[in-house]
Amino acid sequence: MRVIDLSRDGPGGGRLQQLEGRGCEAGVSLIFTSTAEPGAGPYLHKHPYAETFVIHSGRALFTVGEEELVGSAGQVLVVPGFTPHKFAVIGPETFWSTNVHANDTFVTEWLEGPEAMLL
C-alpha cells in the first residue's frame, strides 16, 4: 500500500493537483481540480483513453465532441477515448472534481492553446 499526500498546494500555489498512476503501480492517473474562478479550465484536447469526471461541487460547462452540457455536483461524466473535450467553470461556487484518466500516465493531444501551437 502507498499513501500519497495531496494536502499541500501544487507548484505555483494552485489547487490543481495530479497523480500519475505509474509511479505508484496504479492503472489510472488522477487530476484533482478546485477553483472558483469563472472560465477556468483546460483548452480543447483529447486522450487515447476515456476520462471520467466526478463532480463534487460547483458547475462547469463541458464541451464534449460537438455537444455542450453543464456538469454539476453529484454527476459523473465519462468522455470516451479520442473525443475532443474541455470545460469552463461557471461559478460562483467552487468547482471541485476528480478527473480519472484510464491510463497509468497522462497522454494528451492539445487541440487549442499554446501547447497545440507547438505541434
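Residues numbered from 1 in each chain as written. Predicted model: local features only at pLDDT ≥ 70, side-chain atom pairs only at ≥ 80, totals over all residues. Heavy atoms only, no water.

Novice: Explain the packing of aromatic side chains residue by residue, including any values.
Specialist: Under the defined criterion, the tally for this structure stands at five aromatic pairs. On the basis of an interplanar angle of 70° and a centroid distance of 5.1 Å, the ring pair of F53 and F62 is categorised as edge-to-face. A single burial state applies to F53 and to F62, both of which are buried. Ring centres of F87 and F95 lie 5.4 Å apart, and the angle between their planes is 45°; this geometry places the pair in the tilted category. (Phe/Tyr/Trp six-rings, centres within 6.5 Å; stacked < 30°, edge-to-face > 60°. Buried < 20%, exposed > 50% of the residue type's maximum accessible area, 1.4 Å probe, protein only.)

Novice: Pulling in residues and values, what's your account of the pattern of salt bridges?
Specialist: One pass over the structure, following the stated rule, counts four salt bridges. Across the salt bridge formed by R22 and D104, the nearest N and O atoms sit 3.3 Å from each other. Of this pair, R22 sits in the loop between β1 (17-19) and β2 (29-35) while D104 sits in the loop between β9 (95-101) and β10 (109-110), and the two are 82 residues apart along the sequence. Classification of R22 by relative accessible area gives exposed; the value is 54%. Exposure remark for D104: the relative accessible area of 23% places this residue in the partly exposed category. Across the pair E93 and R59 runs a salt bridge whose closest N-O atoms are separated by 3.7 Å. One end of the pair, E93, is in the loop between β8 (85-89) and β9; the other, R59, is in strand β5 (residues 59-64), and 34 residues separate them in sequence. Judged by relative accessible area, E93 falls into the partly exposed class, the value being 36%. Overall, R59 belongs to the partly exposed group, its relative accessible area being 33%. (Salt bridge = Lys/Arg side-chain N within 4 Å of Asp/Glu carboxyl O. Helix = DSSP H or I, 4+ residues; strand = E, 2+ residues; numbered from the N terminus.)

Novice: Help me get a handle on the sheet that holds β9, residues and values and all.
Specialist: Pairing is antiparallel in the open sheet, where five strands are placed in the order β1-β2-β9-β4-β7. Pairing within the sheet leaves two strands with one partner each, and these edge strands are β1 and β7 (76-79). Strand-to-strand twist across the sheet, computed as the mean angle between neighbouring axes with direction ignored, equals 15°. Where β1 lies against β2, three bridges are found, and the strand directions are antiparallel. Note that in β2 the partner of Q17 across the bridge is F32. (Pairing = 2+ DSSP bridges. Axes fitted to C-alpha atoms, helices over the stretch in contact; angles between N-to-C directions.)

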